[in-house]
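What follows is each chain in one-letter form.
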Amino acid sequence: MKVLSGIQPSGQLHIGNYFGMMQPMITQMKSSELYVFIVDLHALTSVQDREKLSTGTLEAAADFLALGLDPDRCIFWVQSDVPEVCELTWILSTLAPMGLIERCHSYKDKVSKGIMPSHGLFSYPVLMAADILLFQADLVPVGKDQKQHLEVARDIAQKFNNQFGDTFTVPEPAISETTAIVPGLDGQKMSKSYGNTIPIFLSGKPLKKRVMAIETDATPVEDPKDPDACNLYQLLKLFATPQRMSEINDLYVNGGAAYGYLKLELLELLEDKFADARLKKTEFLSDPAELRSILAKGAEKARAKATVTLDLVRERVGLKY
Ligand code: ADP
Ligand code: TRP
């Protein structure tokens, strides 16, 4: 089975990215043919700063490797190193119904957050469909916010297959229900663009500052609280053992949950969980030439696969004469 997913290098990766996409991908390494890539062409729709995009790309690569992605057991590359995806995007865009793309809420959401309403931002889902279909992916692990984009990819694949004959695998989304949406400090979805994140590789004082800033209500310690309505509780659930969570649950339901104390507990869990990865990330970043060489090898493997699909597509649509 082919499992594929990408991530934008548009800011520091956070624990929402980790639980929603990175960890599920790394777990798949053992059992699937795995494709992981850094979508710098997508990031161009919101990052128009050379330094920020290029260092963001190398950092995102270091993040994945530090968290345990093994480039010998998957194909790991940077999107723009496989230019075939741009040609496929154009071909697919001629089949993508305007209405379908207009219905995508991520365009309107991003524009409302101040991102420039460019044609690239509008056609973002078509580039994403090309990413997925070019590699004939069966399964795409993503957070819930990407569900609609997956529907677009499926729709375009089906349209193409109906029009030109069976060519593309119709991909399935893989969305874990337990970690579907990781809440941010303010209880909204954790997102780089909301400024409410806990970055994976933060530690020490800056990490403490973020954790202490998690918003909680003003219920007194002794009063019962609703665990499901508390973002601190939801965050603890991602890190604490089931046994400890059942104790914490009792404190919420029966009274006795002290938010300040629980925040310190979360802080310790975060420091421990990513301690090894933090060291590894520093090592990877200290040798950018080695990082680039890992990514170049990945791009070579990815291009070999991409060429096979693109050749078939060209022939199917009549671009071979
Ligand atoms: P962001 O919203 O921070 O910009 P991206 O849109 O780059 O994140 O998302 C990268 C991946 O991480 C996607 O698969 C997305 O669904 C997942 N993801 C992002 N934020 C969360 C979250 N808060 N909870 C779960 N998954 C998330
Ligand atoms: N749009 C995705 C996001 O913002 C990133 C992405 C681009 C992607 N291409 C993809 C995810 C292909 C999965 C498959 O998170």
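As the structure is a prediction and not an experimental result, all values here were calculated from the model.

Another point: the overall build of the protein chain. What the protein chain contains, in helices and strands, is 15 helices and five strands. Relative to a compact globule of 321 residues, whose C-alpha radius of gyration would be 20 Å, the protein chain shows 21 Å and is just as compact. Taken along its principal axes, the extent of the C-alpha atoms in the protein chain is 75 × 45 × 40 Å. Within the protein chain, residue pairs in contact and separated by at least 24 positions form 76% of the contacts whose partners lie at least 6 positions apart. As displayed, the protein chain offers around 15,300 Å² of accessible surface, 52% of which is attributable to carbon and sulfur atoms. Taking the 35 positively charged and 41 negatively charged side chains of the protein chain as two groups, their mean positions are separated by 2 Å.

What follows deals with the site of ligand 1. Residues in contact with ligand 1 amount to 18 residues; listed here are only the nearest, His 14, Gly 143, Asp 145, Val 182 and Lys 192. At a separation of 3.1 Å, an oxygen atom of ligand 1 approaches a polar side-chain atom of Lys 189. Between Met 190 and ligand 1, the recorded distance is 2.9 Å, taken from a backbone N or O atom to a nitrogen atom. For ligand 1, the accessible surface in isolation is 530 Å², of which the surrounding protein chains cover 93%.

Moving on, we get to the pairing of strand S2 (residues 33–38). Across the six residues of S2, five count as buried, placing the element largely inside the fold. Inspection of the sheet shows strand S1 (residues 2–7) paired to S2 by six bridges, in the parallel sense. Counterpart to Val 3 in the pairing with S2 is Leu 34. Once the chain exits S1 it traverses helix H1 (residues 15–28) before rejoining the sheet at S2, and the crossover so formed is right-handed. Looking at chain direction, S2 and strand S3 (residues 75–78) are connected through four bridges and run parallel. Residue pairing across strands places Phe 37 opposite Trp 77, the latter belonging to S3.

Take the packing of aromatic side chains next. In the structure shown here, the tally under the stated rule is 14 aromatic pairs. Both rings, one in Phe 37 and one in Trp 77, keep their centres 4.6 Å apart while their planes meet at 10 degrees; by these two values the pair is stacked. You can see Phe 37 sitting in strand S2 and its partner Trp 77 sitting in strand S3, a full 40 residues away along the chain. The class of Trp 77 is buried, set by a relative accessible area of 2%. Through a chain of ring-to-ring contacts, the aromatic side chains of Tyr 18, Phe 19, Phe 239 and Phe 274 assemble into a single cluster. Lying across the ring of Tyr 259, Lys 225 places its NZ or CZ 5.5 Å from the centre. Here the guanidinium or amino end of Lys 281 rests over the ring plane of Phe 201, the centre of that ring lying 4.7 Å away.

Our next topic: the site of ligand 2. By nearness alone, 14 residues border ligand 2, and Gln 8, Tyr 124, Met 128, Asp 131 and Gln 146 come closest of all. The separation between an oxygen atom of ligand 2 and a polar side-chain atom of Gln 8 is 3.3 Å. Between ligand 2 and Gln 146 there is a distance of 3.0 Å, counted from a nitrogen atom to a side-chain nitrogen or oxygen. Breaking the shell around ligand 2 down by element, the ones donating at least two residues are S1 and helix H8 (124–134). Per element, the largest residue contribution to the shell around ligand 2 is four residues, and it comes from H8. When the residues that make up the shell around ligand 2 are grouped by side-chain class, the tally is eight nonpolar, five polar and one charged.

By volume, the second largest pocket amounts to about 360 Å³. Forming the boundary of the second largest pocket are 17 residues, of which Thr 89, Ser 93, His 119, Ser 123 and Val 126 lie nearest the centre. Residue assignment for the lining of the second largest pocket shows that the elements contributing at least two residues are helix H2 (40–43), helix H4 (84–93), helix H5 (98–102), helix H7 (119–122) and H8. Ranked by residue count, the leading element in the lining of the second largest pocket is H4, at four residues.

Inspection of every chain in the model, using the stated rule, returns 13 salt bridges. The closest approach of N and O atoms between Lys 189 and Asp 145, which form a salt bridge, is 3.0 Å. With a gap of 44 residues between them, Lys 189 in the loop between strand S5 (172–174) and helix H10 (204–212) and Asp 145 in the loop between strand S4 (139–141) and helix H9 (147–164) connect regions that are remote in the sequence. Using a relative accessible area of 31% as the deciding quantity, one classes Lys 189 as partly exposed. Here Asp 155 ties to Lys 159 by a salt bridge, and the two come within 3.2 Å at their closest N and O atoms. With Asp 155 and Lys 159 both in helix H9, this residue pair falls four residues apart, about one helical turn. According to the relative accessible area criterion, Lys 159 is partly exposed, its value standing at 34%.

What counts as what
- Residues numbered from 1 in each chain as written.
- Chains lettered and ligands numbered in written order.
- Predicted model: local features only at pLDDT ≥ 70, side-chain atom pairs only at ≥ 80, totals over all residues.
- Heavy atoms only, no water.
- Helix = DSSP H or I, 4+ residues; strand = E, 2+ residues; numbered from the N terminus.
- Rg over C-alpha atoms; globule rule 2.2 N^0.38 Å.
- Contact = heavy atoms within 4.5 Å.
- Areas by Shrake-Rupley, 256 points an atom, 1.4 Å probe, with all protein chains shown as cover.
- Lys, Arg positive; Asp, Glu negative; His and termini not counted.
- Charge placed at Lys NZ, Arg CZ, Asp CG, Glu CD.
- Near = heavy atom within 4 Å.
- Polar contact = N/O pair within 3.5 Å; in protein donor to acceptor, adjacent residues only side chain to side chain.
- Buried < 20%, exposed > 50% of the residue type's maximum accessible area, 1.4 Å probe, protein only.
- Pairing = 2+ DSSP bridges.
- Right-handed = clockwise from strand over helix to strand, strands pointing away.
- Phe/Tyr/Trp six-rings, centres within 6.5 Å; stacked < 30°, edge-to-face > 60°.
- Lys NZ or Arg CZ within 6 Å of the ring centre and 35° of its normal.
- Nonpolar A, V, L, I, M, F, W, Y, C, P; charged D, E, K, R; others polar.
- 1 Å grid on protein atoms, 1.4 Å probe; cavity = no way out; pocket = protein on both sides within 12 Å on 5 of 7 lines; lining within 4 Å.
- Points joined across faces, edges and corners; volume = space filled by probe spheres on them.
- Salt bridge = Lys/Arg side-chain N within 4 Å of Asp/Glu carboxyl O.

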